[in-house]
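Structural overview for review
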Amino acid sequence: MPRSLTAPSLLVVVLLSSTACVTEHPVTVVKGDPTAQAAAAPSVEILEPASGVVIAEDTPISIQAEILDADDPLETLALHWSSDRDGDLGAGSITGAGSASIDGVRLTPGLHTVSLTVIDDDGLSGQDIVLIEIDASPTAPVVALGPSQPTTADDLVATLTTPSVDPEGDLVTYTWTWTVDGTPSGASDADILPAAATSRDQTWTVTVTPSAGAGAGPAVSAGITIRNAAPGAAGVRIQPEIPVAGTPLTCAPDPPADDADDDPLHYDITWTVDGAPYTETATTMWPDDTVPGDVTARDETWRCTVAPSDGSLAGPPTSAEITIEHVPLASSVSAADAAALFTDGGWATSYYQALAVRGDLDYDGDGLADLLVGSAVHDTAYTDAGGAFLVRGPVSGSISLASSTDADLVFSPARPLAHAGSEVSAGDIDGDGFDELLVSAVGADSVFLLDDGLSGTVDDTSAGVSELPGHRHGTVVGDINDDGMADLLLARSFGTEASVYWGATTGPADSGETVSVLGTDMVGGAVAVVSGGVDLDGDGTPEWAAVGAGAVVTIRSGMDTMTELQDMTNYTAAVTIVHLADDLDGDGYGDALVANYSQAYDDGFTGPVSDFGRIWAFTGGVAGVTATRETDAVWTLRGSARHAYVGFDLDTTDVDGDGTLDLLIGRYRNPPVLFFGPQPTGTRDETDADVTFDDAVDAVARAGDVNGDGFNDVLVGSTEPGTGPFLHLGGPR
């Protein structure tokens, strides 16, 4: 197009060379336009990216620019993008608004000067440049996933066998992502996947991406499949832990084996006896877990091996063994036959101490009977402070009450001459399902209540120990008021009235009821003259009984009198005792036993002779015990000679597991005896006993199943100075 010049006028001079051919050329002279403008080149500005930017290799780049041209239509302009390293990049595009761009540009690593040149139709041009640095990507690493045969017990570990390298020497970092069976997992963002996240047969893949500077390198992956895990080792437990010859042995995986896959497990159980395989087993819970009782004998060593399996893989076998050291009660047993004996309690050779024992309680709720033993003359830092000692089952060997480790709970008041442990008793007084302990302290005129759950050494200032002052004697008598909590009988001195305390969740509460209770201040008075917790009439509510003034035995249902047994002694009323038994004759009703160990015997020739002792049995029924005189007894058991002292102590339990109650009889200064049930009618004496406990004296007590073999055990008093009761294990006959 014609251009206007900027000069105000134009002089055209044509000079001809002297050698030029002279030709006529017409010359047009245009008079100058004082308003004409000179032609302008296009204006170019690159907007994005900013100059000096660093961009990762192989990243598509979009470059944006703005173009202005006052003279030419923008669509007529020619665009040229180029890199000083990579050359021509193309023309890109421009919009009618002057926005120019080139997209998807991939530049090689290094520093680039990228330019945009714009040329108009007259050949005038504009240009702008931008500096772009392309950061080279790190190289691809090589990754391995291990272990080579993982199970759900193994962490998965990704290892870079060949690390990534950055061409510019920048530090390379890595990102880790995990997928399980093709699905992304958030279980880990590191090179280790915890075993807890895995399950058998899953396929796990780890992907690692290297990064350095502005660039990320190629991602690489490795995968692996989780295999079945073999179960771990099981524990082995043989029961009973203290076996008696003739009783079955059972073996159990305890604790059971762990299986990382949570597969159901079964166990292969095998036995040997004295090293020889034994295969004539029976099944109780697990196949082949039981050795029949009729093949077990004293001094044999039985070994049980347990091997777990998940059906595909077996776990490691483990073993335990046990030696049978005890035999069932025979016609005569001695201290050598005892499973356990208590020592160092400070006992003297006195029956007073032997009475302070309580078995057949489960203080810790583990299903094994525990033993509570009192010693009123036990010395601590305080002379004759006394104490009560709880030993949890199973119990065996010599148990020193002077040792802080042999007894699980030791209670002794922090005061001298308290004589705590003169009587001990137990029952669930607060209804929480666990027994509390009641310890009388005749020297302190107090009864102490020990909450369940205590352990170690405690005194009267310890948490969980409360004091009921003003009472020399106390015993648990069962649930008198049928509220689900055991009740107490507390007395300042027997021979006077005793107060009834109701059990309660907040502790014993005085009911306001009193009963006459006969006795002496001897140790064991309350235990001897009070008995309860037995249903005599089958109505589901237990009855209780106490020996009152005049040696009258009053049997009560609640606080109502069921019957009174009178004229039970012809010699010394103060030594009459009562014991309620669950069911002596097998008729489904509890029964009552009354004893007087000083009862005289009249042979019809020489007149009454004292200290033979006698026991009378009275049967229960729909109406309970209805007898009122000794002549109503269904059977009697008397001493065979003077100073036999039959009936000094009484208890009943099923020692031989035949389902009938056996009768334990303590004899003052004489060996206790045992009569196996069922008890016959008629009259017998102590020489008819099935078992005589040699080396024992005075007292007897049921112990419950201390060793967990299904047979109840017994405690008897010791003849040895300083030695407490013996524990003998029950078993089949």
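Residues numbered from 1 in each chain as written. Predicted model: local features only at pLDDT ≥ 70, side-chain atom pairs only at ≥ 80, totals over all residues. Heavy atoms only, no water.

Once that is clear, we can look at empty space enclosed by the protein. Throughout the structure, instances matching the rule amount to two cavities of 30 Å³ or more. The space that makes up the second largest cavity amounts to roughly 40 Å³. Lining the second largest cavity are H326, V327, L329, V333, D337, H728 and L729. The residue makeup of the lining of the second largest cavity, split by class, is four nonpolar, two polar and one charged. (1 Å grid on protein atoms, 1.4 Å probe; cavity = no way out; pocket = protein on both sides within 12 Å on 5 of 7 lines; lining within 4 Å. Points joined across faces, edges and corners; volume = space filled by probe spheres on them. Nonpolar A, V, L, I, M, F, W, Y, C, P; charged D, E, K, R; others polar.)

Quick look at the environment of S62 now. Topologically, S62 is positioned in strand β3 (residues 61-68). Relative accessible area serves as the criterion here: at 35%, S62 is assigned to the partly exposed category. Sequence separation between S62 and E48 is 14 residues; the distance between their C-alpha atoms is 7.8 Å. Once residues within four sequence positions are removed from consideration, S62 is found in contact with E48, P49, I102 and D103. At 2.7 Å, the side chain of S62 forms a polar contact with the side chain of Q64. At 2.5 Å, the side chain of S62 and the side chain of D103 are in polar contact. (Helix = DSSP H or I, 4+ residues; strand = E, 2+ residues; numbered from the N terminus. Buried < 20%, exposed > 50% of the residue type's maximum accessible area, 1.4 Å probe, protein only. Contact = heavy atoms within 4.5 Å. Polar contact = N/O pair within 3.5 Å; in protein donor to acceptor, adjacent residues only side chain to side chain.)

A few words now on the sheet that holds strand β36 (residues 465-469). An order of β32-β33-β34-β36 is seen for the four strands of this open sheet, with the pairing classed as antiparallel. Every other strand in the sheet has two partners, leaving β32 (420-427) and β36 as the edge strands with one partner each. Strand-to-strand, the axes of this sheet are offset by a mean angle of 25 degrees, without reference to chain direction. Relative to strand β33 (residues 436-441), β32 is paired through six bridges, and the arrangement is antiparallel. (Pairing = 2+ DSSP bridges. Axes fitted to C-alpha atoms, helices over the stretch in contact; angles between N-to-C directions.)

Moving on, we get to the packing of aromatic side chains. The geometry of an aromatic ring pair comes down to the distance between the two centres and the angle between the two planes. Under the criterion given, the structure shown has 10 aromatic pairs. Here F648 and Y668 contribute two aromatic rings whose centre-to-centre distance is 5.5 Å and whose plane-to-plane angle is 25 degrees, an arrangement assigned as stacked. Pair noted here: F648 is in strand β51 (residues 646-653) and Y668 is in the loop between β52 (662-667) and β53 (670-675), with a separation of 20 residues, a long-range link. With a relative accessible area of 5%, F648 lands in the buried category. Cluster of aromatic residues (ring-pair linked, three or more members): Y597, Y645, F648 and Y668. For the cation-ring pair, R684 lies above W635, with the distance from its terminal atom to the ring centre recorded as 5.1 Å. Directly above the ring of F676 sits R733, whose terminal nitrogen or CZ lies 4.2 Å from the centroid. (Phe/Tyr/Trp six-rings, centres within 6.5 Å; stacked < 30°, edge-to-face > 60°. Lys NZ or Arg CZ within 6 Å of the ring centre and 35° of its normal.)

Glancing now at the sheet that holds strand β20 (residues 266-273). Here we have four strands laid out as an open sheet, ordered β21-β20-β23-β24, and antiparallel in their pairing. Two strands lie at the open edges of the sheet, namely β21 (276-278) and β24 (318-323), each paired on one side alone. Strand-to-strand twist in this sheet, taken as the mean axis angle between neighbours without regard to direction, amounts to 30 degrees. With eight bridges connecting them, β20 and strand β23 (residues 301-309) associate as antiparallel partners. Among the inter-strand pairings, H266 is bridged to a residue of β23, identified as S309.

Further remarks concern the pairing of strand β50 (residues 635-638). Covered by surrounding structure in β50 are W635 and L637 together with T636 and R638, the residues of both alternating faces. Strand direction decides the pairing type here: strand β49 (residues 614-618) and β50, joined by four bridges, are antiparallel. Note that in β50 the partner of A617 across the bridge is W635. In this structure, β50 lies alongside strand β54 (residues 682-685), joined through four bridges in parallel fashion.

Attention now goes to the side chain of D537. Turning to its location among the elements, D537 is positioned in the loop between β41 (530-534) and β42 (543-547). A polar contact of 3.3 Å, which involves the side chain of D537, links it to the backbone nitrogen of D539.

Our next topic: unusual backbone geometry. Here the bond from G146 into P147 is cis, since omega is 5 degrees, no more than 30 degrees from zero. Of note, P147 is situated in the loop between β10 (142-146) and β11 (156-162). Here the residue pair D254 and P255 is connected by a cis peptide bond, since its omega of 0 degrees sits within 30 degrees of zero. Inspection of the secondary structure assignment puts P255 in the loop between β19 (249-253) and β20. Here H643, not a glycine, exhibits a phi torsion of approximately 70 degrees, which is positive. Position of H643 relative to the elements: it lies in the loop between β50 and β51. H643 sits in the partly exposed class, given a relative accessible area of 40%.

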